[in-house]
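# Architecture at a glance
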Amino acid sequence: MRRKLYKLYNALYRHYGPQKWWPARTKFEVIVGAILTQNTSWKNAEKAIRSLAGAKLLNPRSMKKSGKKRIASLIRPSGYYNIKAERLKNFIDFLFSKYDGSLRKMFSEDTETLRAELLEVKGLGPETADSILLYAGEKPVFVVDAYTKRILSRHKVISLIDTYEKVQRLFMENIRPDARIFNEYHALLVRLAKDTCNKKPKCLKCPAKHAL
């Protein structure tokens, strides 16, 4: 399995090149993006992020001072804006109550401890928490999403009913724990899913067809 997973990574990297993901200027912007992209496209989340930036709310202290209604009005393009405004405020409350509003202090925490804490924040599931750890915190935690499961299940590596944790272990037990590789690997899988391995797969054009 280790050989297969590295073969897939190399095939995708050769085909697509580096993805430069996550596209953000600050760690806090990554965290906001990870919450806003829940149940929507990145394009819609990006519109909401630009709206927050225009209102100068893309930093923890400014967002802490802002009310949920104002945040919700600014993030409408992301969909489920009232729910997501509450989730953003839940994260902010956690950040200030536990780490005095400091992302530096938060990311200095042991990875397993911080992951457990993030999962206790209402509205942050495993994919969102791991996206925060990997892309904002540069922690070696592999992010699993629907794209990952779709690709691997079509290649008979996993089953669609496999749990998040089972699929995550597959990568973390077979790939060297390196945040840069995990970052690039996940981004490449997303690119593959959007490019060829979509709902109507273009299997003949798939750069992964000989890798798995």
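Going by the structure above, here's the rest.
I will try to describe carefully the structure that is included in this document. As the structure is a computational prediction, the values presented were derived from the model and not from experiment.

Rules used in this analysis
- Residues numbered from 1 in each chain as written.
- Predicted model: local features only at pLDDT ≥ 70, side-chain atom pairs only at ≥ 80, totals over all residues.
- Heavy atoms only, no water.
- Helix = DSSP H or I, 4+ residues; strand = E, 2+ residues; numbered from the N terminus.
- Rg over C-alpha atoms; globule rule 2.2 N^0.38 Å.
- Buried < 20%, exposed > 50% of the residue type's maximum accessible area, 1.4 Å probe, protein only.
- Contact = heavy atoms within 4.5 Å.
- Areas by Shrake-Rupley, 256 points an atom, 1.4 Å probe, with all protein chains shown as cover.
- Core = buried A, V, L, I, M, F, W, Y, C linked by side-chain atoms within 4.5 Å.
- Axes fitted to C-alpha atoms, helices over the stretch in contact; angles between N-to-C directions.
- Parallel < 35°, antiparallel > 145°, perpendicular 65-115°, else oblique.
- Left-handed = near helix turned anticlockwise from the far one by under 90°.
- Nonpolar A, V, L, I, M, F, W, Y, C, P; charged D, E, K, R; others polar.
- Lys, Arg positive; Asp, Glu negative; His and termini not counted.
- Salt bridge = Lys/Arg side-chain N within 4 Å of Asp/Glu carboxyl O.
- Polar contact = N/O pair within 3.5 Å; in protein donor to acceptor, adjacent residues only side chain to side chain.

### Things to note about the overall build of the protein
Along the protein, the regular secondary structure elements total 12 helices and zero strands. Counting from the amino terminus, the protein carries its helices and strands in the arrangement α-α-α-α-α-α-α-α-α-α-α-α. At 18 Å, the protein has a C-alpha radius of gyration in line with the 17 Å of a compact globule built from 212 residues. Each of the 212 residues in the protein was classed as buried or not, and the buried ones make up 52%. A separation of at least 24 residues holds for 60% of the contacts in the protein among residues at least 6 apart in sequence. When the accessible area of the protein is evaluated, it comes to approximately 11,200 Å², of which 51% is carbon and sulfur surface.

### Considering the nonpolar core
One finds Leu52, Phe91 and Met106 to be the most contacted residues of the largest nonpolar core, which totals 74 residues. Non-local contacts of phenylalanine 91, meaning those with residues more than four positions away in its chain, are made with Phe28, Ile31, Ile35, Leu103, Met106, Leu118, Val121 and Leu124.

### Things to note about the environment of isoleucine 92
Relative to the assigned elements, isoleucine 92 resides in helix H6 (residues 81–99). On the accessibility criterion, isoleucine 92 (0% relative accessible area) is buried. Once the C-alpha coordinates of isoleucine 92 and alanine 193 are considered, the two residues, 101 residues apart in sequence, prove to be 32 Å apart.

### Some details on the packing of helix H2 (residues 27–36) against H6
Remark: H2 packs on H6, axes separated minimally by 10 Å, with the N-to-C direction vectors making an angle of 140 degrees. Here H2 is positioned oblique relative to H6, judged by the angle of their axes. For the crossing formed where H2 meets H6, the hand is right-handed. Packed against H2, whose contacting residues are Phe28, Ile31, Val32, Ile35 and Leu36, the element H6 presents Lys84, Arg87, Leu88, Phe91 and Ile92 at the interface. For the contact of H2 with H6, the per-class residue count stands at eight nonpolar, no polar and two charged.

### Points about the side chain of lysine 89
Structurally, lysine 89 can be placed in helix H6. Summary of buried charges: lysine 89 has no salt-bridge partner, and the nearest side chain of opposite charge, aspartate 93, is 5.6 Å away.

### Section: unusual backbone geometry
In this structure, tryptophan 22 follows tryptophan 21 across a cis peptide bond, with omega equal to 20 degrees. Relative to the elements of secondary structure, tryptophan 22 occurs in the loop between helix H1 (2–16) and H2. The backbone of asparagine 39 shows a phi angle near 60 degrees, a positive value even though the residue is not glycine. Here asparagine 39 is to be found in the loop between H2 and helix H3 (42–54).

### Here's the deal with the environment of tyrosine 9
For tyrosine 9, the location among the structural elements is in helix H1. Put simply, tyrosine 9 and alanine 211 are 202 residues apart on the chain and 8.6 Å apart in space, counted from C-alpha to C-alpha. In this view, tyrosine 9 contacts Ile181, Glu184, Tyr185 and Leu188; residues no more than four positions away in its chain are not counted.

### Re the side chain of glutamine 19
Mapping glutamine 19 onto the fold places it in the loop between H1 and H2. The exposure class assigned to glutamine 19 is buried, which follows from its relative accessible area of 19%. A polar contact is formed between the side chain of glutamine 19 and the backbone oxygen of glycine 17, at a distance of 2.9 Å. Within the structure, glutamine 19 has its side chain in polar contact with the side chain of arginine 191 (distance 3.3 Å). Beyond its immediate stretch of four places on either side in the chain, glutamine 19 contacts Glu184, Ala187, Leu188 and Arg191.

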